[in-house]
Amino acid sequence: MWKLIIVEDEPLVRRTIVGRINWQEHGFQLVGEAGNGQEALELIHSCNPDLVITDIVMPLMDGIELLKETRTGGWDCRFLMLTCMNEFEFARQALEYGASGYLLKLSMDVKSLERALHKIKRELESRAEVRELQAKQSLYRYRDMYRSLWDRFYLREGRLQGLEDEMVAMPSFSLQHVFFCAFLHDNVEYCMEQARKIGYLGSDEMSVRSEWSSFTQDGITTVFCWSDRTFAWKAPSAGEPGIMYAAIYAKPFPASELGKVWFEALLMLDRCWHDGRIGLVSVDARFGQSKTSSAVFEQEVSSLTRQPFSALSWSHERELLLIFEQSKVEACKTILDLLWNEMMELTIPVTFVKETTVRLDRLFARIVNHPGLPSGELTGVAFSQQLKELFWQRIERYLQHKAASEEELTDHEEINKIIRFIRQNYDENITLKSMARYVAMEEHYVSRLFKSKVGENLINYVQHYRVEKAKVFLAESDLSVSDVGCNVGFSNDNYFIKIFKRVTGITPSVYRKRMESQDEPQHTS
């Protein structure tokens, strides 16, 4: 329904116009009546109608002045002017100022009014189509800008220099004011609905032109509202109902400040995510003041430049990979706790915690030849501890899959016992002598028995197994070749490269490059 108000200083004439036709049948809803231009202007402010049917000659403010004030104020409602026989000069002026048409009050009948409404309805529909197209075009422009800012925040371009000037390099937008709310939630419809309830979307009921858009990445959704001017701000109340996740809002501010303010909000969300806090908080609460603290912002940027977000302890991550390979369940749990505690202490950003978790999850799946589980379950998690629990459940499932898929390779119990030991401790110093002691058997007998049951001697089996594990690390991790060799049990780099080339025909570095060039799905992040 298109919203309509009728302005006429004579009550009898106004009632006649109101009752002349069934407005709803023609797609219009009468939302207000006024007796003069001043009253009408207040209605336009509050109701933002699509059509104003108004008399020209009225007290306090006539129809021409009403039309001028409306256009000056930025409202784009249609005007249908009512005039008498001797007011044609006024009608001409009204058309010059953008009125859609005029009707003679004395000869106005149902058909002439319907024809005028039909014409205006086509104009409104055409305007709506143009606005929809503009909105779609703006949405793509906004998304490019959001992505560029996001990449700057998280150093995917390798730099943060010039973040505060990011808007200068962006497309020129006619809407130069913005406010937003960033949620630890990935359901866009939910976040948009909550943002509209918080008190921001008063602009829909005002004269302000506004555009809404959103950006979602790694379980964080930010809802933005752009406007062409500042307007009265209604701060949300404390404990806003319905906000079951952490959300950081920023009241309207100049668009040129978007990079700084959004960055501050995301830093606050990181802290909320690690602490498990929920509810709505103003971005101003970060510094306890209404304006951005340049000194604090520059300090944050400087620290990120010196030490990128990927400041996780690689020693913990590497150890987690190794003990997972060896199926040491309790040790896995211990190292995962250490890794998570370190991320909380450093307030590692949500996006990097989730990216690290997804990468490790895919690596674990590959190690145990599991098809893998949907990564969306990990990226959509709203709290740090919830992600940790979900990730641990996956680790347990992968280890169970690994245990169930490992076949007994021989029919000899002691040889199978040796094989299981090698699989769980391949990074240690394994010799024929140590394995003979492990199964309490004579060394030469173990050597002959192992080869007869497995098809190769024990040391060759250990080397082949280590090389297979090294392949996984080379393909799926950023470990150096030296670290890979050390992780899988080779005493030095030269020996690792020599054995790897003997088994595969190529060096570890060449193998890694070949795997990267193949761009296999399981190797993409």
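Note that the structure is a prediction, hence the values are computed from the model and not measured. (Residues numbered from 1 in each chain as written. Predicted model: local features only at pLDDT ≥ 70, side-chain atom pairs only at ≥ 80, totals over all residues. Heavy atoms only, no water.)

A. The arrangement of the overall build of the protein chain in detail. Assigned secondary structure in the protein chain consists of 20 helices and 10 strands. Residues classed as buried in the protein chain amount to 49% of the 525 residues present. A fraction of 69% describes how many contacts in the protein chain between residues 6 or more apart in sequence connect residues 24 or more apart. Accessible surface computed for the protein chain: about 25,400 Å², of which carbon and sulfur atoms make up 49%. (Helix = DSSP H or I, 4+ residues; strand = E, 2+ residues; numbered from the N terminus. Buried < 20%, exposed > 50% of the residue type's maximum accessible area, 1.4 Å probe, protein only. Contact = heavy atoms within 4.5 Å. Areas by Shrake-Rupley, 256 points an atom, 1.4 Å probe, with all protein chains shown as cover.)

B. Highlighting the pairing of strand β6 (residues 177-183). Within β6, seven of the seven residues are buried, leaving the element largely enclosed by the surrounding structure. Here β6 shows two buried faces, one formed by H177, F179, C181 and F183 and the other by V178, F180 and A182. Direction of pairing for β6 relative to strand β8 (residues 220-227): antiparallel, over a ladder of seven bridges. In the strand pairing of β8, F180 is matched with F224. Sheet topology note: the β6/strand β9 (residues 246-254) ladder contains six bridges and is antiparallel. Bridging from a neighbouring strand, F183 pairs with A247 of β9. (Pairing = 2+ DSSP bridges.)

C. Focus on the packing of helix α14 (residues 413-425) against helix α16 (residues 443-454). With their axes 10 Å apart at the nearest point, α14 and α16 run at an angle of 85 degrees to one another. Here α14 is positioned roughly perpendicular relative to α16, judged by the angle of their axes. Residues I415, I418 and I419 of α14 form the contact with α16, whose participating residues are V446, L449, F450, K453 and V454. Here the contact of α14 with α16 is built from residues that sort into seven nonpolar, no polar and one charged. (Axes fitted to C-alpha atoms, helices over the stretch in contact; angles between N-to-C directions. Parallel < 35°, antiparallel > 145°, perpendicular 65-115°, else oblique. Nonpolar A, V, L, I, M, F, W, Y, C, P; charged D, E, K, R; others polar.)

D. Representation of the confidence of the model for the protein chain in the model. Summarising the model, the protein chain shows a mean pLDDT of 80, and 80% of its residues fall at 70 or more. Within the protein chain, the lowest mean pLDDT, 43, falls on helix α8 (residues 294-306), and the highest, 94, falls on helix α15 (residues 432-439). Under a pLDDT of 50 for its full length, residues 166-172 has, in the predicted model, 12 contacts with residues more than four places off or in other chains. For residues 201-207, every residue scores under 50 in pLDDT, and the model assigns this stretch 21 contacts once sequence neighbours within four places are set aside. (pLDDT = per-residue confidence, 0-100.)

E. Here's a closer look at the nonpolar core. The biggest cluster of nonpolar side chains holds 98 residues, and the ones touching the most others in it are L258, W262 and F364. Per element, the largest residue contribution to this core is 11 residues, and it comes from helix α7 (residues 258-275). Contact partners of W262, with chain neighbours within four places excluded, come to Y146, L149, W150, F153, F180, F215, T222 and F224. Counting residues in each nonpolar core, the second largest holds 21 residues, with A34, L43, L67 and F79 among its members. (Core = buried A, V, L, I, M, F, W, Y, C linked by side-chain atoms within 4.5 Å.)

F. Region of the structure containing the packing of aromatic side chains. The full count for this structure, using the stated rule, is 23 aromatic pairs. A centroid spacing of 5.3 Å and a plane angle of 80 degrees characterise the contact between F153 and W262, whose relative ring orientation is edge-to-face. Of the two residues, F153 is situated in helix α5 (residues 110-153) and W262 in helix α7; the sequence distance between them amounts to 109 residues. Note on F153: relative accessible area 0%, which makes it buried. With centroids separated by 4.7 Å and ring planes inclined at 45 degrees, the aromatic side chains of F421 and Y438 adopt a geometry described as tilted. Residue F421 is located in helix α14, and its partner Y438 is located in helix α15; the two are separated by 17 residues in the primary sequence. Given a relative accessible area of 36%, Y438 falls into the partly exposed group. Three or more aromatic residues joined by ring pairs form one cluster here, namely Y146, W150, F153, F180, F215, F224, F253, W262 and F263. In this structure, K333 packs its charged tip against the face of W392, placed 5.9 Å from the ring centre. Its end group placed over the ring of Y438, K417 keeps NZ or CZ at 4.9 Å from the ring centre. (Phe/Tyr/Trp six-rings, centres within 6.5 Å; stacked < 30°, edge-to-face > 60°. Lys NZ or Arg CZ within 6 Å of the ring centre and 35° of its normal.)

G. Quick look at the pattern of salt bridges. Overall, the coordinates contain 16 salt bridges when judged by the stated rule. In this structure, R127 and D76 form a salt bridge, with 3.7 Å as the shortest nitrogen-oxygen distance. Taken together, the positions of R127 in helix α5 and D76 in the loop between α3 (63-72) and β4 (78-83) put the pair 51 residues apart, joining distant regions of the chain. Judged by relative accessible area, D76 falls into the partly exposed class, the value being 29%. Here R271 and D275 are joined by a salt bridge, their closest N and O atoms 3.2 Å apart. On the criterion of helical spacing, the pair formed by R271 and D275 is a turn pair, its members being four residues apart in helix α7. What makes D275 partly exposed here is its relative accessible area of 40%. Residues participating in the shared-partner salt-bridge network are D50, D76, R78, K119, E123 and R127. (Salt bridge = Lys/Arg side-chain N within 4 Å of Asp/Glu carboxyl O.)

H. How the structure looks around the environment of V472. Here V472 lies in helix α17 (residues 458-476). Its relative accessible area of 11% is what places V472 among the buried residues. Ignoring any residue separated from it by four or fewer positions in sequence, one finds V472 in contact with L363, R366, I367 and S477.

I. Fine view of helix α2 (residues 37-47). Among the residues making up α2, those that are buried are G37, A40, L41, L43, I44 and C47. For α2, the arc enclosing every buried residue in end-on projection is 160 degrees, short of the 170-degree limit, so these residues lie on one face. Lining the buried residues of α2 we find β1 (2-7), β2 (28-34), β3 (51-55), α3 and β4. With its phi angle positive at about 45 degrees, N48 sits one or two positions after the end of α2. (Arc of directions from axis to C-beta.)

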